[in-house]
Amino acid sequence: MWKYIAANLLSLQNISVFQYKNYLGQSWTFPERVTGITGRNGTGKTNLLDAIYFLCFTKSYFQKSDAQLVYGGAQGMRISGRFVRQEETYDVSAVIRENGKKEFRVNEMPCEKMADHIGQFPAVMVAPDDVQIITGGSEERRRFMDALFSQVDHDYLVHLMTYNRLLQQRNSLLKQMAEQRSRQFELLSIIDEQMNSPASYVFEKRTLYLRQLLEEITTRYIKIAGEQYDLRMQYESPMQQGDWQSLLRRNRDRDIASQRTTSGIHRDDISISLEDKMFRQTASQGQRKSMLFAFRLAEFSLLKEKKGFAPILLLDDVFEKLDQQRMQNLLYEVCVLNDGQVLVTDTHPDRIGESFSALGLPYQSIETSR
Ligand SMILES: Nc1ncnc2c1ncn2[C@@H]1O[C@H](COP(=O)(O)OP(=O)(O)OP(=O)(O)O)[C@@H](O)[C@H]1O
């Protein structure tokens, strides 16, 4: 147990893994609020952070398929951990069965829907190589928004899932109409009508949360990059041009011709420009990294504000990617100005130790080895 559990905190006390990635079986306890995980390359530092992420999100941050999480050649895996949230204890266990089925339990109670688990134990992963949010296509930024807003607002996730299911149905119907040369306009109108409420809900919430989030990202970026830039960020959605029904009416002929839904919240994006140029095309490597940190710290702040306690912060390999001063600033911000749990990986035990000591932070050191 932590020495200083406060009423408003979330903490992970321990974690055990079995047949997970490079670990056949291992357990760790986290007696301090700050943990440094050190070890040579490829020894499983990131895997440990990802196991924590998995317990919080029901999926890996890095791997798309659950099968990749199972120790090579083994059948099934298990991760379990004890969280304390606002003085209540929660034993969370995740199992991937031999047949690939995933099961989550909280205090022995099975989670009927994975979606119900999301947001219970909020966490933020900062993996500096993962700049796709900034450089990738719009789906990356939607994924970022959805992961964040789903943790803040459970109804957001429910409406988003409904929208995605109906979108698939609509696209199948459009395809069928083209293949069979059928005119199933009535059925199309029914689906359009059903999509109205989830589309409008998601659009409204994105508008609301992004207003705050984009402002926070902008401020953070200027602070991290250390210069005064003309940075502009904007939420872009086809729904800004009109309500759902009129949007679909306008695009119906085009949808039928292209056999898919060409407009909707599944096309939303966040546009970023720096000095009037498109950020993802012109920004330097360093600027992209700064932007990624700005996104993640803003995500951390929003979660903290909406939940009333800090999410667990997982910092992977940040020492390699930031200079000494920036690193100290970041650690000061997340470990000293915030009271949440922080786990940091690094290949150099001395470097990590010196950084925490300089900030006067008691910390626990974990070493991974082959
Ligand atoms: N399903 C799996 N079964 C067995 N080993 C795996 C599996 N998935 C990943 N690994 C192993 O895990 C190791 C990578 O672990 P991880 O990425 O956590 O290392 P790291 O300590 O963070 O390294 P770095 O310092 O390079 O980032 C690799 O050796 C990889 O082969």
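Since the structure is predicted, the reported quantities are computational estimates derived from the model, not experimental observations. (Residues numbered from 1 in each chain as written. Predicted model: local features only at pLDDT ≥ 70, side-chain atom pairs only at ≥ 80, totals over all residues. Heavy atoms only, no water.)

This part is about the overall build of the protein. Across its full length, the protein carries twelve helices and 14 strands. A principal-axis box enclosing the C-alpha atoms of the protein has dimensions of 70 × 55 × 40 Å. Per-residue burial for the protein yields a buried fraction of 54% across its 370 residues. In the protein, the proportion of contacts linking residues at least 24 apart, taken out of those at least 6 apart, comes to 72%. A total of about 17,400 Å² of accessible surface is found on the protein, and carbon and sulfur atoms cover 45% of it. With 47 positive and 47 negative side-chain charges, the protein shows a separation of 4 Å between the mean positions of the two kinds. (Helix = DSSP H or I, 4+ residues; strand = E, 2+ residues; numbered from the N terminus. Buried < 20%, exposed > 50% of the residue type's maximum accessible area, 1.4 Å probe, protein only. Contact = heavy atoms within 4.5 Å. Areas by Shrake-Rupley, 256 points an atom, 1.4 Å probe, with all protein chains shown as cover. Lys, Arg positive; Asp, Glu negative; His and termini not counted. Charge placed at Lys NZ, Arg CZ, Asp CG, Glu CD.)

One pair of aromatic rings is described through two measures. These are the centre distance and the angle between the planes. Applying the stated criterion across every chain yields a total of 15 aromatic pairs. A centroid spacing of 4.1 Å and a plane angle of 10° characterise the contact between Y53 and F57, whose relative ring orientation is stacked. With Y53 and F57 both in helix α1 (residues 45-57) and four residues apart, this pair spans about one turn of that helix. Like F57, Y53 is buried. Taking the centre distance of 5.0 Å and the plane angle of 45° together, the rings of F356 and Y363 count as tilted. The class of F356 is buried, set by a relative accessible area of 0%. The exposure class assigned to Y363 is partly exposed, which follows from its relative accessible area of 30%. Following the ring pairs from residue to residue traces out a cluster consisting of Y53, F57, Y61 and F62. (Phe/Tyr/Trp six-rings, centres within 6.5 Å; stacked < 30°, edge-to-face > 60°.)

On to the UniProt feature "domain: RecF/RecN/SMC N-terminal" (unreviewed entry) in the protein, then. The sites that UniProt annotates as "domain: RecF/RecN/SMC N-terminal" (unreviewed entry) are residues 12-347. Between the end C-alpha atoms of residues 12-347 the distance is 23 Å, and the span holds 48% helix and 22% strand. (UniProt positions renumbered as here; feature names shortened; annotations may be inferred.)

Within the fold, P311 resides in the loop between α9 (285-307) and β12 (312-315). C-alpha separation for the pair P311 and G119, spaced 192 residues apart in sequence, amounts to 9.7 Å. Discounting chain neighbours no more than four positions away, the residues touching P311 are P122, A123, V124, F300, L303, K304 and Q341.

This brings us to the domain arrangement of the protein. Partitioning the protein into domains gives domain 1 (1-122 + 311-370) and domain 2 (129-308). Centre-to-centre, using C-alpha coordinates, domain 1 lies 28 Å away from domain 2. Residue-level contacts link 20 residues of domain 1 with 21 residues of domain 2. Summing both partners gives a buried area of about 1,800 Å² for domain 1 against domain 2, and 60% of it is carried by carbon and sulfur. Linking domain 1 with domain 2 are two salt bridges. Between K223 and E333 there is a salt bridge; the shortest N-O distance is 3.7 Å. Summed over the shared surface of domain 1 and domain 2, the number is eight residue pairs in polar contact (both at pLDDT 80 or more). Among the elements of the structure, α2 (114-117), α10 (318-321) and α11 (324-336) are those that each provide at least two residues to the side of domain 1 that touches domain 2. Broken down by element, the side of domain 1 that touches domain 2 gets its largest block of residues, four residues, from α11. (Domains from an automatic or database assignment. Buried area = accessible area lost by both parts, 1.4 Å probe. Salt bridge = Lys/Arg side-chain N within 4 Å of Asp/Glu carboxyl O. Polar contact = N/O pair within 3.5 Å; in protein donor to acceptor, adjacent residues only side chain to side chain.)

Because each turn of an α-helix spans 3.6 residues, side chains separated by three or four positions in sequence point in the same direction. Taking 1.5 Å as the rise per residue, α11 with 13 residues should run 18 Å; its terminal C-alpha atoms sit 17 Å apart, in good agreement. When α11 is considered as a whole, its buried residues turn out to be M327, Q328, L330, L331, E333, V334 and C335. (Expected span 1.5 Å × (residues − 1).)

Below, the discussion takes up α1. With 13 residues, α1 should reach 18 Å at 1.5 Å per residue; the first-to-last C-alpha distance of 19 Å fits that figure. Across the 13 residues that make up α1, a large majority, twelve, are buried. T58 sits one or two residues past α1 and shows a positive phi near 65°.

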